[in-house]
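Coordinate inspection notes
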Protein chains: 2
Amino acid sequence: MAEHTVKFDITENPVSVPTGTLLSEAAHLAEVDIQQPCGGQGRCGRCAVLITDGDVRRRSTLRLTSEDIKGGYALACQSVVESDVSITVPPQEKIERRLTTDRTVAEVQVPAGYDAHASQPLRRTTVHLTPPSMDDQTDDWSRLQAALRRETNIGEISISLDLLRQLSPILREGEWQVTAVLNSHTWDCPDCPAELLSLAPGEVDPDTPLWGAAIDIGTTTVSVWLVDLLSGEVKAQVAEYNGQISRGEDVISRIIYASKNGGEEELRKLVLDTINGLIEMACKRVLAEPNQVMKTTISGNSTMIHLLLGLPVANIRLSPFVTAINHIPTLSAPEVGLDIHPSAIVDCLPGVASYVGADISAGVISSGMEESEQTTLFLDVGTNGETVMGSSEWLVTCACSAGPAFEGAGVLHGMRATKGAIEEIWINSDTIEPTYRVIGGVKPRGVCGSGLISLLAEMFLTGLVDKGGAINTALEIDRIRQGEHGTEYVLVWAADSGTGKDIVITNVDIDNLLRAKAAIYAGFSVLAESVGFPLEMVDRVMIGGSFGKYINVEKAVEIGLLPDMPWDRFHFLGNTSVKGAYLALLDHKLRQRVTEVAGRMTYIELSADNKFYDAFMSAMFLPHTDLSLFPTVQTVIQDRT
Amino acid sequence: MAEHTVKFDITENPVSVPTGTLLSEAAHLAEVDIQQPCGGQGRCGRCAVLITDGDVRRRSTLRLTSEDIKGGYALACQSVVESDVSITVPPQEKIERRLTTDRTVAEVQVPAGYDAHASQPLRRTTVHLTPPSMDDQTDDWSRLQAALRRETNIGEISISLDLLRQLSPILREGEWQVTAVLNSHTWDCPDCPAELLSLAPGEVDPDTPLWGAAIDIGTTTVSVWLVDLLSGEVKAQVAEYNGQISRGEDVISRIIYASKNGGEEELRKLVLDTINGLIEMACKRVLAEPNQVMKTTISGNSTMIHLLLGLPVANIRLSPFVTAINHIPTLSAPEVGLDIHPSAIVDCLPGVASYVGADISAGVISSGMEESEQTTLFLDVGTNGETVMGSSEWLVTCACSAGPAFEGAGVLHGMRATKGAIEEIWINSDTIEPTYRVIGGVKPRGVCGSGLISLLAEMFLTGLVDKGGAINTALEIDRIRQGEHGTEYVLVWAADSGTGKDIVITNVDIDNLLRAKAAIYAGFSVLAESVGFPLEMVDRVMIGGSFGKYINVEKAVEIGLLPDMPWDRFHFLGNTSVKGAYLALLDHKLRQRVTEVAGRMTYIELSADNKFYDAFMSAMFLPHTDLSLFPTVQTVIQDRT
């Protein structure tokens, strides 16, 4: 057998190996350290190297795209030498970045060509007034209104009594020069006068931001983006668990809690505390004050919006499942209870139905699917799993309760995707030892949604759990043990964890994860069936949700959360709800489109027959009862066995 | 000299008297009691009798109209026998009624052809909704909105968050039949959606009133009319002194008080207490609840409106005298502080300038002068004396501070025109003994505005005061004495009064009355001069103000308050401010006209030069320095001497 020289760029000494030698073996000989967290199974992709010269044969390319292969990448654990080769070993960070596209929260792109003057309903303007005299005894408000009209070209302007009470002193304190903030447009009354929101003596530096906030109230997680409405830039992003979580993990349990005496008001205050806290946190980051925030757009599912506004939620749960209102009128901060500017506008985005809320209308807008000729399957993976299918021609939607497992709640050591969260895991198929990556590079404190998907996939592929999700107690390793919550697998020993305690995953956790993924899969598959559009003909699958940016599509397919399709059809959009709120905050035409989209979507009630239940039960397996629906996973399993 | 038989209808025995005998003397002979409170001076008109047969010569017809004379009336003290005559002595009540036209508050006429459906912005309507089902999961608000649109033909409808919170339970409590009150029009946003103000389960009796209130906030007196908006009828009228009165009698002293620490807020609360108390009182009379009042229109001078709304008033007093706002936006009851329905609309009528407020815009509308080809002089006789002059072609206006004397305040024993107030007085020129008429026929407790005018005129004509207003201490009667406040005249002895104390008028009181009448006279005469329109060419003098209905034109001319003109040019309109508010409450087109009128009036600033001051000083006499301006008064005085 021919010998070949293998040269690694990071060492001066080449090694000589026979044809058919794995690159990982050659690296071992050359004393080059290539990580193989998955134990050389070709699953983790962490051993990817770049072939700069010579030929290798790739036995598996599971974690490589066709572009990767064209570019010369090969998995060291899955590729064998066929000639003399020169190999570049990329730094680990570079590999990680390539493998987990958009892993970190990308800086949000301001919409191309954003022009606050043209799109933004809020205007800040400084005006000089001619002072009154015996020849001109015009009242203060008429005087200001005339000056504002001249300056802005806005016709009618209204003023609140509160601001009217401050008007005369402000005009005189500013010696008849004042800076006004006006709102020129609301979705529910396009013909109404513009509204004067604030007035301050003197002028302001034009670079001073004009603050707005886009808010997503998830059942589990609340997200706030603080936006400079003048530049359109997101200046701070913060998120936190919804304070209501201790009163029920999903919308149904919240509704039940609300029906108790005082429960509705308690839940309202809890979520207000969360939002007000987040706004304060975001403002601190940019050295602003909450009372400088002049507008918020709020997205969220219908139950969350109802609870925020103190609207009764009981009928959302009772057949025929109707909301009090889907298209919420424009409100003011004090009546909602937000601790921002007292004249600030609160614009809750419109929902479609009890279980397809503003988060989905916003998500559709931020995906752009409603304008596309391509048929798109849009999935919002949160505590509620909502699906929208369609194109510029048609839009259908449905919802199911997935539970909060993928947001790290309802799982013993689950947590949000923040510092200290394990976000990706590989399990060595020989040793059943885990390797993981932690957000922020610190000691792990728990596992976030993407980590849980990764963990479940690895446990399944290594045989650590069976297709029913039960931990394989036949494996005699000390990481598998009986705990307080039944059988569990120790992912991190106390000594290595940031909490000083073992981090485990239990059979109960796995069951919750299975229910979540089964509900989502059943939702979109029944929806596709109900409109007679085959899933495999979908052009694009767009995935939103608070952890959408982090999800590993391969592993999500392996557990049967996402349909088994070519990877390039998948697009991860992150939190599409807050992004839609952000877009609607910037542009009144886009805001109008959210209303139109909410009106266009046809809601399909999944509870109307048994189809959903049947599909759900079939999906309660890894990846699914019907393995033929997951051909690539079938291949991996066959490889394994 | 020929003898004639005089026969009185109320006695069987005729008397025989020579030609030239006064009818009052004939009556005395016939033992017929004819009252002559003025001592036979022909001033009081109380001795009017009806000549049914024969001829008499009327030496004076001062208190008779030409229609009276044509109808056969003669004053017994001023008419002499020229033939055999038959005389009917009318009952005193009938004379009183004839002498004091419209003495009692006339029932307010609902505007001819009032059609709530066409004019009234508020609509009450009962709708039946199709309940939701699995085939129709429309949200509650869209369902109600659609039903209301079908029923009312109103396009867009808005709802407040408060009402939205009650919506779902109300719909279900009413088993999908509900009664709504909508406001379809506001002056400041005619293109805004209609607003749902209230919603109740089930239906209501169509005869149940839909309550609104017209309010006039005078500096001295606050008036409230409670109106059924469906029929347009005024169901209750109540009035009370403005609770702010103890903090200053005129607008200037109120403004000064407001500038003290907390003064503004204190004054706001005081007038709110008065208004809320009056609304409660009015509601009690018709067995309604204040929270059933769905709308109010509020009139008043600019300072009163500013204080009500908590707007700063300092600049009203400081040159160049500008208000914070003249055209107040539509407000809601809670933000103003009115204890009526929480969604009730508060519509403050527009003013023209700091000293020509909504009361004058409302007054003009209620006079109709702005639509007339005739040139009208409109006087609002209140604590502020405002004048409007003009026609459908032009309108000019001015204001002066008259003080509250004519409203019974600032006068030791002054009071409002309610039960127990002396409203007309005659002084016997021989005995200087007074006779008076008391509202409600009870023992007198004080003197109201019309009584004070009457008193001042009588005191002047009987020589009890001189032309400078000083009480004639040379008259040796025990009713004239030195009191705590200087020289005073005892009008009612303690034994006859309702308070158990003497009722007096002092030199200080008279001085206040002189200032008030001089300011008003100076105001309209300078205004007429400034536009070059001679006063005598005015077609009509229309008099408004809280006591306008009771005023005795003859006596008002005698003291120089009103110009000396043929009596038929005078029209007494009563409280034109509250009446204008009432008209604007009923009809949105009339409400629009108030705005137009306020915009059309040209304000003349009297303080701009010395003309007003000069005119005021000349008018500080009875009736005036220049007696040639008052030819009829000159005649009376000459008769006297």
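So, how was this worked out
Residues numbered from 1 in each chain as written. Chains lettered and ligands numbered in written order. Predicted model: local features only at pLDDT ≥ 70, side-chain atom pairs only at ≥ 80, totals over all residues. Heavy atoms only, no water. Disulfide = S-S within 2.5 Å. Buried < 20%, exposed > 50% of the residue type's maximum accessible area, 1.4 Å probe, protein only. Contact = heavy atoms within 4.5 Å. Buried area = accessible area lost by both parts, 1.4 Å probe. Salt bridge = Lys/Arg side-chain N within 4 Å of Asp/Glu carboxyl O. Least-squares fit on C-alpha atoms with pLDDT ≥ 70 in both. Pairing = 2+ DSSP bridges. Helix = DSSP H or I, 4+ residues; strand = E, 2+ residues; numbered from the N terminus. Axes fitted to C-alpha atoms, helices over the stretch in contact; angles between N-to-C directions. Expected span 1.5 Å × (residues − 1). Parallel < 35°, antiparallel > 145°, perpendicular 65-115°, else oblique. Nonpolar A, V, L, I, M, F, W, Y, C, P; charged D, E, K, R; others polar.

Enumeration according to the criterion identifies 2 disulfides over all chains in this entry. Here Cys189 of chain A pairs with Cys192 of chain A through a disulfide, and the sulfurs are 1.9 Å apart. Every disulfide takes its handedness from the sign of the S-S torsion; for Cys189 of chain A and Cys192 of chain A that torsion is 85°, giving right-handed. Judged by its relative accessible area of 22%, Cys192 of chain A is partly exposed. Among the cysteines around Cys77 of chain B, which has no disulfide bond, Cys47 of chain B carries the closest sulfur, lying 3.7 Å off. By relative accessible area, Cys77 of chain B is classed as buried at 2%.

The subject of this paragraph is the interface of chain A and chain B. Residue-level contacts link 41 residues of chain A with 41 residues of chain B. Contact between chain A and chain B buries roughly 3,300 Å² in total, counting both sides, with carbon and sulfur atoms accounting for 62%. On the chain A side of the contact with chain B, Gln137, Leu161 and Arg165 of chain A bury the most area, a combined 18% of that side's loss. On the surface where chain A and chain B come into contact, there are 0 salt bridges.

Moving on, we get to the relation of the copies chain A and chain B. Here chain A sits on chain B after a turn of 180° about the axis and a move of 0.0 Å along it, with an RMSD of 0.2 Å. With respect to symmetry, the two chain copies, as superposed, fit the operation of a two-fold axis. In terms of proximity to the rotation axis, the leading residue of chain A is Cys192 of chain A, whose C-alpha is 2.8 Å off the axis. Looking at chain A, 100% of its interface residues are interface residues in chain B too, so the copies touch through the same face.

Below, the discussion takes up the sheet that holds strand β25 (residues 486-492) of chain B. Residue and element names in this part refer to chain B. Strand order in the open sheet formed by 3 strands is β24-β25-β26, and the pairing between neighbours is antiparallel. Unpaired on one side and paired on the other, β24 (480-483) and β26 (503-506) mark the two borders of the sheet. On average, each strand axis in the sheet is inclined to that of its neighbour by 45°, with strand direction left out of account. Taken together, the 4 bridges between β24 and β25 define a ladder with antiparallel strand orientation. Each bridged residue has a counterpart across the sheet, and for Ile480 the counterpart in β25 is Tyr489. Across the sheet, helix α14 (residues 507-530) is in contact with β25 and β26; its angle to β26 comes to roughly 60°.

Let us now look at the environment of Ser259 of chain B. Summarising the element assignment, Ser259 of chain B is placed in helix α7 (residues 251-259). The spatial distance from the C-alpha of Ser259 of chain B to the C-alpha of Ala314 of chain B is 6.7 Å, given a sequence separation of 55 residues.

All names here are of chain A. The terminal C-alpha atoms of helix α13 (residues 449-461), which comprises 13 residues, lie 18 Å apart, in line with the 18 Å expected from a rise of 1.5 Å per residue. When you tally the buried positions in α13, you get 13 out of 13 residues, the bulk of the element. Where α13 terminates, the next one or two residues include Gly463, which has phi positive at roughly 80°.

Moving on, we come to the packing of helix α5 (residues 140-152) of chain B against helix α6 (residues 161-173) of chain B. Residues and elements named next belong to chain B. One can describe the packing of α5 onto α6 by two numbers: an axis separation of 10 Å at closest approach and a directional angle of 75°. One way to sum up the angle between α5 and α6 is to call them roughly perpendicular. Contacts from Asp140, Trp141 and Leu144 in α5 reach Leu164, Leu167, Ser168, Leu171 and Arg172 in α6. Its residues assigned to classes, the contact of α5 with α6 comprises 5 nonpolar, 1 polar and 2 charged.

Whenever strands of a sheet pair, they do so through backbone hydrogen bonds, lying parallel or antiparallel. Residues and elements named next belong to chain A. Across the sheet, which stays open at both edges, the 3 strands sit in the order β22-β21-β23 with mixed pairing between neighbours. The open sheet is flanked by β22 (434-438) and β23 (446-447), the only strands paired with a single partner. Pairing geometry for strand β21 (residues 421-427) and β22, over 5 bridges, is antiparallel. Paired with Glu424 across the two strands is Arg437, which belongs to β22. Docked against the sheet, α13 engages β21 and β23, running at close to 15° with respect to β21.

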